[in-house]
Each structure stands twice: as structure tokens, then as C-alpha cells.
Amino acid sequence: MACREVGLEASLDEVMATLITFDQDASGTLDTDEFYSLAIMLLSRSYSGDVKYHLGTESTRALADGTGSIEVSLLPNPSHLEAVNPLVCGKVRAKQFHINDTQRRRCMGVLLHGDAAFAGQGVVFETLGLADLHDYTTGGTVHLIVNNQIGFTTTPHESRSSRYCTDVAKTIGAPIFHVNGDDVEAVIRVCEVAADFRQRFGRDAVVDVVCYRRHGHQEADNPMFTQPIMYTAIKAHPPVLELYSKALIDAGVTDAAHVRRCARGLHSNPPLERAAV
């Protein structure tokens, strides 16, 4: 790959020079993915002040039933994160074009939102407005909203006029599924329904996972200063893992020893190994 040719230890100037060389050479040796990898390297060395986990990644994952694999791309996205929405839809549309996916069933976009951002950022509505246009449609996008009922330090009744953060999706007639984030199996089921709807009808679908944010907005935020009542209740509320483990033990599906082994593996295995467990 071209990124190996440049070297992971390459300086910012070396990476930039390689990108410029490729851009000037119409018969360049880099394919799109290699150019994309170099661009990510450039971004990672640009010292923009953004956090490193906004740089994106790509992976190919084997399906659990052994019937094939699926390519997953996480696009690089700056703060505020909703800015990436039209880029995701554009990449999906481009992939569909290049693989001749005229039915738009082999490549799908999934957008992850926050509740305050979904209701408050104009780019969300603008992207929804493109959903069913002939020259822009991707055959539907699944929107997954992590609704922690707070936007940094702002509560819903102070940040929007609508009852639900998802009301903007009503403008395109998208089905909206509200689900309790503490109910793991309900969340899984609703996400399956949303994906099935998208595949069958070629339209957007929205999953609103109503939950909470246990810690602050970021490393420096202490929410007990701004929402003391809310965070006193959250502190006393059992985590999802504890609730689901107890439900499985009570139902006789597993036992406490197995739960402890899984928990130890969750915290000790590298991410790729953990994904394969």
C-alpha cells in the first residue's frame, strides 16, 4: 500500500508531497482506498486540535453465520459530528454507483446522532431533505440516536420546541422507533426492524434509544455542577450490563460465574479479539 511506501513515521511534509504528486499524475499508482489512507495520515499529523478518535477507520468483518463478510467504514468527522452526515450519504451513493448497485440494497449508510444535535443542527434537516431526491437518494439511511436527554449541559425543554428530538424526521415520513436503552434485547429488535424496513422500502428509518449519560460531556465536564438532581438519580441507577446480567441469571440463561468471565474478557482482550469472541 502507498501508506507503507511513505512510512508511518513520515513527516507531514512527506505525506503532503505524496498526495500532491498523486493529484498531479493522472495515471497515478494509488487507488481510491490508498489515497484515502494517506489523507487520514495527513489529517492525523495536521494538529488541528480535534481528538484522535474522530479520524475514522475501515474494517472487513466476517458474518456470524459464515456466509460471507461485510465491509464497514467509519468516516473521519470533525466536531461537531453532524457535519459528516452528507459525506456518509455521498460515499454510500458513490459506492452504489461503482458496484452497479442500482437497487441500492448492497450498501447502506448508518448515521449515529446525539439527541440535542439531531434536533438542533441544520445539517441534519438538510441531509434528510435529500433522502428521496432521484439524484441523491441512497435507498434509505438508518439513523441511530443516542438520546441521553441532555446536550452538554442543556436539558431538552431548554433546547427545542418539539416534544421529541426526532420530530424533524417526520418531514420525510420516516418511521421513528423509541426504545428504552436499558432493554438490550428491545434495542436489538428495533434496530433489526429499522434495517429491514430500509431494505424493503428503500426509505430512511430512525431509532431513538432513550438512555442517559453516566459521565460528563467530555473529560473536563462534571455534570453534578449543572444537573445535580439528574446525576444523583443516574449515580443510583444500575448500569445496563448489571441489569441485563441479572435478567439473564434470573431467567436461567447463564450464571454469575459466566458473567464474571465475560466481564473480565471485555476489559482485558484487545478490541479485535473481543469482537471475535
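Preceding this paragraph is the structure being described.
Here the structure is a predicted model, which is why all the values come from computation and not from measurement. (Residues numbered from 1 in each chain as written. Predicted model: local features only at pLDDT ≥ 70, side-chain atom pairs only at ≥ 80, totals over all residues. Heavy atoms only, no water.)

**Quick word on the packing of aromatic side chains**
Here comes step 1: Following the criterion strictly, the structure yields 1 aromatic pair and no others.
Here comes step 2: Centre to centre, the rings of phenylalanine 197 and phenylalanine 201 are 4.9 Å apart; their planes meet at 45 degrees, and the pair counts as tilted. Within this pair, phenylalanine 197 and its partner phenylalanine 201 are both found in helix H7 (residues 184-201), separated by 4 residues, close to a single helical turn.
Here comes step 3: What makes phenylalanine 197 partly exposed here is its relative accessible area of 23%. (Phe/Tyr/Trp six-rings, centres within 6.5 Å; stacked < 30°, edge-to-face > 60°. Helix = DSSP H or I, 4+ residues; strand = E, 2+ residues; numbered from the N terminus. Buried < 20%, exposed > 50% of the residue type's maximum accessible area, 1.4 Å probe, protein only.)

**Some points on the pattern of salt bridges**
Opposite charge on two side chains allows them to pair when their charged atoms are near.
Here comes step 1: Counted by the stated rule, this structure contains 6 salt bridges.
Here comes step 2: Between arginine 203 and aspartate 132 there is a salt bridge, and its shortest N-O distance comes to 3.3 Å. Here arginine 203 is found in the loop between H7 and strand E6 (205-210), whereas its partner aspartate 132 is found in the loop between helix H6 (122-129) and strand E4 (141-147), with 71 residues between them in sequence.
Here comes step 3: Taking the relative accessible area as the measure of exposure, aspartate 132 reaches 42% and is therefore partly exposed.
Here comes step 4: The salt bridge partner of aspartate 221 is arginine 213, with a shortest N-O separation of 3.7 Å. The residues aspartate 221 and arginine 213 share a single accessibility class, namely buried. (Salt bridge = Lys/Arg side-chain N within 4 Å of Asp/Glu carboxyl O.)

**Let's talk about the side chain of asparagine 85**
Here comes step 1: In this structure, asparagine 85 sits in helix H4 (residues 85-98).
Here comes step 2: Other than its neighbours up to four places away in sequence, asparagine 85 contacts Leu111, His113, Val124 and Thr127. (Contact = heavy atoms within 4.5 Å.)

**Overview of the sheet that holds strand E3 (residues 109-114)**
Each strand in a sheet pairs with another by means of backbone hydrogen bonds, the pair being arranged parallel or else antiparallel.
Here comes step 1: With respect to topology, 4 strands assemble into an open sheet ordered E3-E4-E6-E5, the strand pairing being parallel. Two strands close off the open sheet at either side, each with one partner strand: E3 and strand E5 (176-180). Averaged over all neighbouring strand pairs, the angle between strand axes comes to 20 degrees, with direction disregarded.
Here comes step 2: Sheet analysis places E4 next to E6, joined by 6 bridges and oriented parallel. Paired with isoleucine 145 across the strands is aspartate 208, a residue of E6.
Here comes step 3: Where H7 meets the sheet, it contacts E4, E5 and E6, and its direction lies at approximately 165 degrees from that of E5. (Pairing = 2+ DSSP bridges. Axes fitted to C-alpha atoms, helices over the stretch in contact; angles between N-to-C directions.)

**Focus: the nonpolar core**
Here comes step 1: The biggest cluster of nonpolar side chains holds 11 residues, and these are Phe118, Val124, Leu128, Ala131, Ile145, Cys165, Val168, Ala169, Ile172, Ala174 and Val206.
Here comes step 2: Formed by 8 residues, the second largest nonpolar core is a distinct cluster that contains Val179, Val187, Ala205 and Val209. (Core = buried A, V, L, I, M, F, W, Y, C linked by side-chain atoms within 4.5 Å.)

**With respect to H6**
Here comes step 1: Regarding H6, the residues found buried are Val124, Thr127 and Leu128. Here the buried residues of H6 occupy an arc of 100 degrees about the axis, which is enough to place them on one side.
Here comes step 2: In this structure, the buried side of H6 is in contact with H4, helix H5 (115-120) and E4. (Arc of directions from axis to C-beta.)

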